[in-house]
Amino acid sequence: MYITVKSLCLFLSLFFMSLAHAEQINFQYEQHLLSGHYLAPLNNEPAKAVLLFVHGDGALTYDADGYYPLIWQTLREHGYAVFSWDKPGVGQSEGNWLKQSMIDRQSEVLSAIKVVQKKYHFTTQNTGLIGFSQAGWVLPALATNNKVGFIIGIGFATSWLEQGQYLTKTRLKLSKASYKQLAMAMENYAKEIAFFKQAPSYADYLSFSSQAVLSPERYQFVLTNFQANASDDYENIDVPTLLLWGEEDLNVNASQEFNRWQSQEKNKRVTTMLIAKANHGLLNSASFNTQDFSFLQWLKLMWLGQEALAPEFLPMLLQWLDKQ
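Nothing here was measured: the structure is a model prediction, and the numbers come from that model. Residue numbers run consecutively from 1 along every chain, following the written order of its sequence. Given that this is a predicted model, residues contribute local features only at a pLDDT of at least 70 and side-chain atom pairs are listed and counted only at 80 or more, while totals for whole chains, interfaces and linings are drawn from all residues. With hydrogens and water stripped out, all remaining heavy atoms of the structure feed into the side-chain values.

**Overview of the packing of aromatic side chains**
Basically, it comes down to this: Ring geometry is summarised as follows: Phe, Tyr and Trp rings, the Trp one being its six-membered ring, pair when their centres sit within 6.5 Å, and such pairs are stacked at plane angles under 30 degrees, edge-to-face over 60 and tilted between the two. Any residue under 20% of the maximum accessible area for its type is buried, any over 50% is exposed, and the rest in between are partly exposed; the area is computed with a 1.4 Å probe on protein chains only. Strands here are runs of E lasting at least two residues and helices are runs of H or I lasting at least four, both read from the DSSP assignment and numbered beginning at the N terminus.
Going through the model one piece at a time under the given rule, you end up with 25 aromatic pairs. Where Tyr 67 meets Tyr 68, the ring centres are 5.8 Å apart and the plane angle is 45 degrees; that geometry is what we call tilted. For Tyr 67, a relative accessible area of 12% puts it in the buried group. Arranged with centres 5.6 Å apart and planes meeting at 40 degrees, the rings of Tyr 202 and Tyr 205 form a pair that is tilted. You can see Tyr 202 and its partner Tyr 205 sitting in helix α6 (residues 202-208), three residues apart, about one turn around the helix.

Right, dumping it as structure tokens:
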């Protein structure tokens, strides 16, 4: 039975992607060639706008292993084009995403914007970015009217350090850790951050941590980026911006992020929404209620299709886009 379900899900995934009919577009970023895919609207009319999908953390292909197409289909049916690409060193893209800073990632996105605008004749005003999770330290700096016309953020955290602390604490709570274990973990987290601020070598890291879990490349990536903070970039946003969080996010403190925007002087360019019954990726939290995305969850995602998404997500996204 397991093999039958797996085979069916793989078939559905391949069938869904065949509907996408992606046009492969390679583009240059620094000395590397990156592999992207452009998907035109499905209504045979000129695109209202193009949305460039900007990945979160991890080694992600252009379609985020089947997650993005759940969003693409609806966008394309409503007259929007999309563009996405394999991360450096993933799929058909050259390079190594683990060697990038968030500023490097911003430069990469700007390269993608130039290619899409030149090839498909989009203007700044009808070019938008939609980013996920870690892209929260990439997109806000690009939210100016000389770069793009609008941005959409999903599951953004303001501070990498705060997000890491919340992630750690939530993981322990889910494992039924005791109050003492939680307190010790928070103390160790503070010590680890103080250690990282000394810019130690990987050998120092192995000596410091009795439970070293980071590979040399991942360690360097964390060391480069762990102090990322989008606070200043948020203040300078001057294009229409939609920030969405899932109410039951286990990776980012969604209520804290949302409440920050409610408690400060409003940037009239920014719309914020906390979506009910939604997790970190705005999947339905009733079906996807863990921090990590396992193979079994991927099978469930393929099986459910768009029903895997939180009910409010796509209608809210389309309503906001059509107003711009």
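More follows now that the structure is in view.
**Some details on the environment of Gly 56**
To be explicit about the condition: A contact between two residues is defined here by any heavy atoms of the two lying within 4.5 Å.
Position of Gly 56 among the secondary structure elements: in the loop between β3 (49-54) and α2 (68-77). Not counting chain neighbours up to four residues away, the residues in contact with Gly 56 comprise Lys 87, Arg 105, Phe 132, Ser 133, Gln 134 and Ala 135.

**Comments concerning the environment of Lys 87**
Relative to the assigned elements, Lys 87 resides in the loop between β4 (80-85) and α3 (102-120). Overall, Lys 87 belongs to the buried group, its relative accessible area being 3%. For the pair Lys 87 and Leu 98, spaced 11 residues apart in sequence, the C-alpha separation works out to 9.8 Å. Setting aside its immediate chain neighbours within four residues, Lys 87 contacts His 55, Gly 56, Asp 57, Gly 58, Leu 60, Ser 93, Trp 97, Arg 105 and Gln 134.

**Description of helix α5 (residues 179-196)**
An α-helix turns once every 3.6 residues. As a result, residues three or four positions apart point the same way. Selection criterion: Expected span of a helix, by definition, is 1.5 Å for each gap between consecutive residues, and there is one gap fewer than residues.
In this model α5 runs 26 Å from its N-terminal to its C-terminal C-alpha over 18 residues, within 8% of the 26 Å that 1.5 Å per residue would give. Taken residue by residue, α5 has Leu 182, Ala 185, Met 186, Tyr 189, Ile 193, Phe 195 and Phe 196 as its buried positions. Those residues of α5 that are buried lie in contact with α4 (160-174), α6 and α7 (216-225).

**Some thoughts on the pattern of salt bridges**
For side chains of opposite charge, pairing can occur when their charged atoms come near one another. Short version of the rule: Salt bridges are identified by distance alone: a Lys or Arg side-chain nitrogen within 4 Å of an Asp or Glu carboxyl oxygen.
All told, the structure shown has five salt bridges when counted by the stated rule. Lys 48 is the partner of Asp 322 in a salt bridge, and the nearest nitrogen-oxygen pair spans 3.3 Å. Here Asp 322, found in helix α11 (residues 313-323), pairs with Lys 48, found in the loop between β2 (32-39) and β3; they are 274 residues apart in sequence, far enough to count as distant. The partner of Asp 57 in a salt bridge is Arg 218, with the nearest N and O atoms 2.6 Å apart. With Asp 57 in the loop between β3 and α2 and Arg 218 in helix α7, this residue pair connects regions lying 161 residues apart in the sequence. Taken together, the shared-partner salt bridges connect Glu 162, Glu 257 and Arg 260 into one network.

**Comments concerning the confidence of the model for the protein**
Do not read the fine detail of predicted coordinates wherever pLDDT is low. Test applied: pLDDT expresses how confident the predictor is about each individual residue, on a scale running from 0 to 100.
Averaged over every residue, the pLDDT of the protein is 89; the share at 70 or more is 92%. Here helix α1 (residues 2-20) stands out as the element of the protein with the lowest mean pLDDT, 45, in contrast to β3, whose mean of 98 is the highest.

**Here we look at unusual backbone geometry**
One non-glycine residue, Ala 64, lies in the positive phi region at around 50 degrees. With respect to the helices and strands, the residue Ala 64 is situated in the loop between β3 and α2. We classify Ala 64 as buried; its relative accessible area is 12%. Phi at Asp 65 is positive, roughly 60 degrees, even though this residue is not glycine. Inspection of the secondary structure assignment puts Asp 65 in the loop between β3 and α2. Residue Asp 65 is classed as partly exposed on the basis of its relative accessible area of 40%.

**Re the sheet that holds β3**
Rules: Strands were regarded as paired on the criterion that DSSP finds at least two bridges between them. Throughout, an axis means a line fitted to C-alpha atoms (over the contacting stretch in the case of helices), and angles, computed between N-to-C directions, take values from 0 to 180 degrees.
The sheet built from eight strands is open, its strands ordered β1-β2-β4-β3-β5-β6-β7-β8 with mixed pairing. Either end of the sheet is taken by a strand with one partner, and the two such strands are β1 (23-29) and β8 (270-275). Neighbouring strand axes in the sheet, compared pairwise and without regard to direction, differ in orientation by 20 degrees on average. Sitting on the sheet, helix α9 (residues 254-263) touches β7 (241-246) and β8, and the angle it makes with β8 is about 145 degrees. The sheet strands contacting α11 are β3, β4, β6 (150-154), β7 and β8, and the helix crosses β6 at an angle near 165 degrees.

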